[in-house]
Amino acid sequence: MKETIFTGAAVALVTPFNPDMSVNYEELEKLIEFQITSGTDAIVTCGTTGEAATLTDEEHVKVIEFTVNKVAGRVPVIAGTGSNDTAYAVELSQKAEALGANGLLLVTPYYNKTSQRGLVASFNRIAGSVKIPCIVYNVPSRTGLNILPETYYELSKTQNIVATKEANHDISALIKTRELCGDNLTVYSGEDTQTLPIASLGGKGVISTFSNIMPKEMHELATASVAGDLKTAQALTFKYLDLMNALFMDVNPIPVKQALNLMGFNCGHCRLPLADMSDEQIAKLKVEMAKHLQLA
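Residues numbered from 1 in each chain as written. Predicted model: local features only at pLDDT ≥ 70, side-chain atom pairs only at ≥ 80, totals over all residues. Heavy atoms only, no water.

(A) Expanded view of the overall build of the protein. Regarding its fold elements, the protein presents twelve helices and eight strands. Taking 296 residues into account, the globule formula puts the C-alpha radius of gyration at 19 Å, and the protein, at 18 Å, falls close to it. In terms of overall dimensions, the protein has a C-alpha envelope of 50 × 45 × 35 Å along the principal axes. Split into buried and exposed, the 296 residues of the protein put 56% on the buried side. Put simply, the protein shows about 12,400 Å² of open surface, and 52% of that area lies on carbon and sulfur atoms. (Helix = DSSP H or I, 4+ residues; strand = E, 2+ residues; numbered from the N terminus. Rg over C-alpha atoms; globule rule 2.2 N^0.38 Å. Buried < 20%, exposed > 50% of the residue type's maximum accessible area, 1.4 Å probe, protein only. Areas by Shrake-Rupley, 256 points an atom, 1.4 Å probe, with all protein chains shown as cover.)

This is the structure in structure tokens:
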């Protein structure tokens with residue numbers, strides 16, 4: 001069995017911005033402390049929810065470094081270092097390893113895409129350039145590219161490709177992946193609402209957007225799911241389902257940053273091309289949040 005980086009709920013942490021759209025490191029520290037004191041199981045920085053696509057190279061490295069330093073070993077830090085340019089992903093992954101990241105999150109190539117054969121070659125090239133564990137990230141809705149079960153099987157043969165963040169909404173394909181890979185590939189849900197069903201197939205938790213606003217509750221849901229406590233996991237899933245869905249009424253991470261701002265954090269706006277939510281959307285988000293949270 002390969003190393004499991006974490007079990008439970010890892011937060012896909014937002015990147016807060018100042019009014020001038022520079023990274024707000026003071027607020028980032030507050031978010032990190034909120035997560036750790038609330039029981040999050042790991043922190044993923046510079047992923048989709050962290051707006052990695054619009055961070056400069058310098059910002060990307062600095063946010064990873066800042067997060068690793070502030071977390072100071074209290075929970076694992078997983079750095080998003082994937083790219084549609086394999087050579088750049090190698091460079092960024094090596095920098096993240098040198099900065100002390102505990103693992104890497106590697107999204108599939110986007111825009112130029114590739115074949116399944118190219119996926120294996122690219123991920124193996126990146127994983128072979130570092131010694132820390134790697135999580136591949138399958139999110140076809142964002143990248144236009146899907147990892148097939150047979151491709152997962154080939155990737156699982158690589159020692160430090162240890163897991164996938166699966167967000168392709170295809171449970172049947174996941175069943176085949178689990179059959180082929182067994183314990184050689186840990187599966188994390190990439191969708192908050194699918195934490196329980198994926199855990200029922202042997203998944204070890206979730207990399208979560210919802211954890212940004214309710215880390216304690218998401219930890220409890222994921223822990224119950226992995227432990228096979230069906231009654232608790234179902235109850236928590238049903239309880240928070242509408243709010244989880246509300247965080248995706250617009251393109252992620254627009255709603256979750258708005259939600260954090262409504263809670264009193266100072267996360268600012270998303271960088272363009274991600275535009276602010278409409279007043280109508282914000283009103284709907286407030287309604288769902290008020291059922292579970294104290295708004296600022």
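(B) Focus on the pattern of salt bridges. Enumeration according to the criterion identifies eleven salt bridges in this entry. In this structure, the salt-bridge partner of glutamate 51 is lysine 257, at a minimum N-O distance of 2.8 Å. On the criterion of sequence distance, the pair formed by glutamate 51 in the loop between strand 2 (42–45) and helix 2 (57–71) and lysine 257 in helix 11 (residues 254–262) is long-range, its members being 206 residues apart. Each member of the pair, glutamate 51 as well as lysine 257, carries the same accessibility label: buried. The closest approach of N and O atoms between glutamate 91 and lysine 95, which form a salt bridge, is 3.2 Å. In this pair, glutamate 91 and lysine 95 both sit in helix 3 (residues 86–99), four residues apart, roughly one turn of the helix. Here lysine 95 falls in the partly exposed class, since its relative accessible area comes to 37%. (Salt bridge = Lys/Arg side-chain N within 4 Å of Asp/Glu carboxyl O.)

(C) Spotlight on the nonpolar core. Grouped together as the largest cluster of nonpolar side chains are 73 residues, with contacts concentrated most on Phe210 and Ile213. If you look at the next biggest cluster of nonpolar residues, it comprises 17 residues, including Ala12, Ala42, Val139 and Ile207. (Core = buried A, V, L, I, M, F, W, Y, C linked by side-chain atoms within 4.5 Å.)

(D) Examining the packing of helix 10 (residues 230–246) against helix 12 (residues 279–290) more closely. Helix 12 packs onto helix 10 with a crossing angle of 155 degrees between their chain directions and a minimal axis gap of 9 Å. What the angle tells us is that helix 10 and helix 12 run roughly antiparallel. Where helix 10 crosses over helix 12, the two elements pack in a sense that is left-handed. Each of Asp242, Leu243 and Ala246 in helix 10 lies in contact with helix 12, whose residues at this interface are Leu285, Glu288 and Met289. (Axes fitted to C-alpha atoms, helices over the stretch in contact; angles between N-to-C directions. Parallel < 35°, antiparallel > 145°, perpendicular 65-115°, else oblique. Left-handed = near helix turned anticlockwise from the far one by under 90°. Contact = heavy atoms within 4.5 Å.)

(E) Up close: unusual backbone geometry. Each neighbour pair has its own omega, and for asparagine 252 with proline 253 the value is 10 degrees, a cis peptide bond. Positionally, proline 253 belongs in the loop between helix 10 and helix 11. In this structure, the amide linkage connecting leucine 272 to the following residue, proline 273, adopts the cis form with an omega of 20 degrees. When you line up the elements, proline 273 lands in the loop between helix 11 and helix 12. Positive phi is not limited to glycine here, since cysteine 46 has a value of about 65 degrees. Overall, the relative accessible area of 3% leaves cysteine 46 in the buried class. Even without a glycine there, the phi angle at histidine 169 is positive, about 65 degrees.

(F) Looking closely at helix 12. Its twelve residues place the ends of helix 12 16 Å apart at the C-alpha level, agreeing with the 16 Å of an ideal helix rising 1.5 Å per residue. The set of residues buried in helix 12 consists of Gln281, Ile282, Leu285, Glu288 and Met289. Seen from one end, helix 12 has its buried residues packed into an arc of 125 degrees, which puts them on one side. Opposite the buried face of helix 12, by more than 90 degrees, sit the exposed residues Asp279, Glu280 and Ala290. Contacts from the buried residues of helix 12 go to helix 10 and helix 11. (Expected span 1.5 Å × (residues − 1). Arc of directions from axis to C-beta.)

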